[in-house]
Amino acid sequence: MALRFVRLMTPSRIQKRYHVTTFGCQMNEHDSERMKGMLEGIGYVEAAEQAEADLILFNTCSIREKADSRFVAHLGHASAVKKQRPEVLIGVGGCWAQSVKDEVFSQFPFVDVAFGPGQVHKLAEFLTSDSLTAQGYFEFEGFAGDLPAKRAREVQAWVQISVGCNMNCSYCIVPSTRGREVSRPFEALLAECERLAADGVKEITLLGQNVNAYGRDLRPERRQFSELLRAVDAIEGIDRVRYTSPHPKDMREDVILAHAELPSLCEHIHLPLQAGSSRILKAMKRTYNRERFMDRVALIREHVPDCAITTDIIVGFPGETEADFRETLEVVEEVGFDGAFTFVFSPRRGTEAAEITEGLVPHEEKVERMQRLVEVVQRRGHERAQRFVGRTLEVLVEGPSRTDPTRLRGRSRHGKAVNFTGLALPGETVRVEILSASSQTLMGEESLLARALV
Ligand code: 5AD
Ligand code: SF4
């Protein structure tokens, strides 16, 4: 593969341009950075717009129906570009491509190459081959994390620690799009983190579908997720370590204690609840119940009292009654999440929940429940955020504020977006005094005294 990259970097070749549109989760953002790194390795450069590109790529998501339909609209634009310039290549990667496989070509005959998440490397092979026929690549063959990356931000990096998922949540399409769980070797991950630190990275987010199951499949030596956290924390220069997503069933005390003990491990845990009713959790095949979830929260609060806890919740799962839904509201009220992503249940092809025909929740009811849920999530999030007012937090600066370019935007260790006035540059870590807080954002002022003293 490496030889192929070199062969195409001859200066005589006119530089081709690519454009990547990314949908879905952080794992897809990670995979897109690897696609970009790989394309630049074979001599492509990034185009600012689709219309200027010779290669138009989509990295797709399939988690909910909305994700599918958004992508199909984008694909329509790309086909219009191809009508104007027939030499343009169109590629579709990621979870949606994997979930429909070769049907991509019958549904969208203008697509030239389609590939699943375990076949990102095949894209380079396709582009460097003489093949003129459309190609689909869908077997799991390698970690996208082994490819070179073009990072979106200089000081922040994703590190893919595993792919796939061995759980069997009845609503979820991911096990069928990303396959069985495979962990990347421990030493390879540490070497990657060390390289990133040497390259100026300060914050690493460890990615996996179920991060805290990391390492159980490794041979000859099994590893534990908490061991990996300790080893990454020990790397000089890495100030912040995050991870997403853990599964509540595997959220053991060693991982929670690591948050209390490791200086770089951030005070934020994203712990997907999905539902507050044990009956619905069972139907979802989540393998924990309400009590076990609450017990995990209590353990987090005991060891790391200030830890931010965020979550994912699905409303309107088939069979969810008003009483079940109220249990979700109760849990949200009781835990006081710092934030939550809320989703309306969406049946996905090939999943067990999509086959359920009884107890379906009518659309209007789903919408009504969602409104009630969002009200509680926001109220509790707002209340929780008030604990930061009057404190000075360490903020990693990301750039100008999106709403007011005279202000800056960054993130606290708790994962909170912070909007503030100050003189800092992107990539710097500064101290910000928090003056007010809403459920989503903290507002503040850079502590310039601290800057003068540094
Ligand atoms: N319908 C609605 N939400 C879903 N999620 C996953 N599958 C579905 C589905 N079929 C949500 C879960 C998961 C998040 C990434 O997306 O809450 O944690
Ligand atoms: Fe990510 Fe899941 Fe969407 Fe795939 S289907 S991109 S794993 S959110």
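For the structure, see preceding data.
Conventions used here
- All residue numbers refer to positions counted from 1 along the written sequence of the respective chain.
- The naming scheme follows written order: chains are lettered A onward, ligands numbered 1 onward.
- Reporting of local features is limited, given that this is a predicted model, to residues whose pLDDT is at least 70; pairs of side-chain atoms are given and counted only at 80 or more, and all residues count toward the totals for whole chains, interfaces and linings.
- Only hydrogens and water are removed before side-chain values are computed, so all heavy atoms of the structure are retained for them.
- Pairing between strands is defined by DSSP: at least two bridges between them are needed.
- Where helices and strands are cited, they refer to DSSP runs of H or I of at least four residues and of E of at least two residues respectively, numbered from the N terminus.
- To obtain an axis, a line is fitted to C-alpha atoms, over the contacting stretch when the element is a helix, and the angle between two such axes runs from 0 to 180 degrees between their N-to-C directions.
- Only heavy atoms are used to decide nearness, and a residue is near a molecule or strand if one of them lies within 4 Å of it.
- When residues are grouped by polarity, Ala, Val, Leu, Ile, Met, Phe, Trp, Tyr, Cys and Pro land in nonpolar, Asp, Glu, Lys and Arg in charged, and all others, Gly among them, in polar.
- Each domain span listed reflects an automatic or database assignment of domains.
- Multiplying 1.5 Å by the residue count of a helix minus one yields the expected span of that helix.
- Residue exposure (1.4 Å probe, protein chains only): buried if accessible area is under 20% of the type maximum, exposed if over 50%, otherwise partly exposed.
- Arc definition: it is the arc formed by the directions from the helix axis to the C-beta atoms.
- Note on contacts: a residue pair qualifies if any of its non-hydrogen atoms lie within 4.5 Å across the two residues.

J.: What should I look at first to understand the sheet that holds strand β13 (residues 308–315) in this one?
T.: Hydrogen bonding along the main chain pairs the strands of a sheet, whether they run parallel or antiparallel. Across the sheet, which stays open at both edges, the three strands sit in the order β12-β13-β14 with parallel pairing between neighbours. Each end of this open sheet is capped by a strand with a single partner; those strands are β12 (268–270) and β14 (339–344). Averaged over all adjacent pairs, the angle separating strand axes in this sheet is 10°, with direction ignored. Sheet analysis places β12 next to β13, joined by three bridges and oriented parallel. Considered in β13, the bridge of Ile 269 is made with Ile 309.

J.: I would appreciate a short explanation of the site of ligand 2 in the present structure.
T.: All residues adjacent to ligand 2 are Cys 25, Asn 28, Thr 60, Cys 61, Ser 62, Ile 63, Cys 95, Val 174, Arg 178 and Gln 209. Across the shell around ligand 2, the residue classes break down as five nonpolar, four polar and one charged. Counting the residues that make up the shell around ligand 2, at least three belong to each of domain 1 (2–137) and domain 2 (153–266).

J.: What is the right way to look at helix α8 (residues 186–198) in this model?
T.: In an α-helix, one full turn covers 3.6 residues, which means residues spaced three or four apart are oriented alike. Compared with an ideal rise of 1.5 Å per residue, which puts 13 residues at 18 Å, α8 spans 19 Å between its outermost C-alpha atoms and is within 8% of the ideal. Along α8, the residues that are buried comprise Phe 186, Leu 189, Leu 190, Glu 192, Cys 193, Leu 196 and Ala 197. With its buried residues spanning 160° around the axis, α8 presents them on a single face. Exposed positions of α8 whose direction lies more than 90 degrees from the buried face are Glu 187, Arg 195 and Ala 198. Where α8 is buried, its residues contact α2 (26–41), β7 (156–160), β10 (203–207) and α9 (225–233). Taken from the residues just after α8, Gly 200 is the one with a positive phi, measuring 95°.

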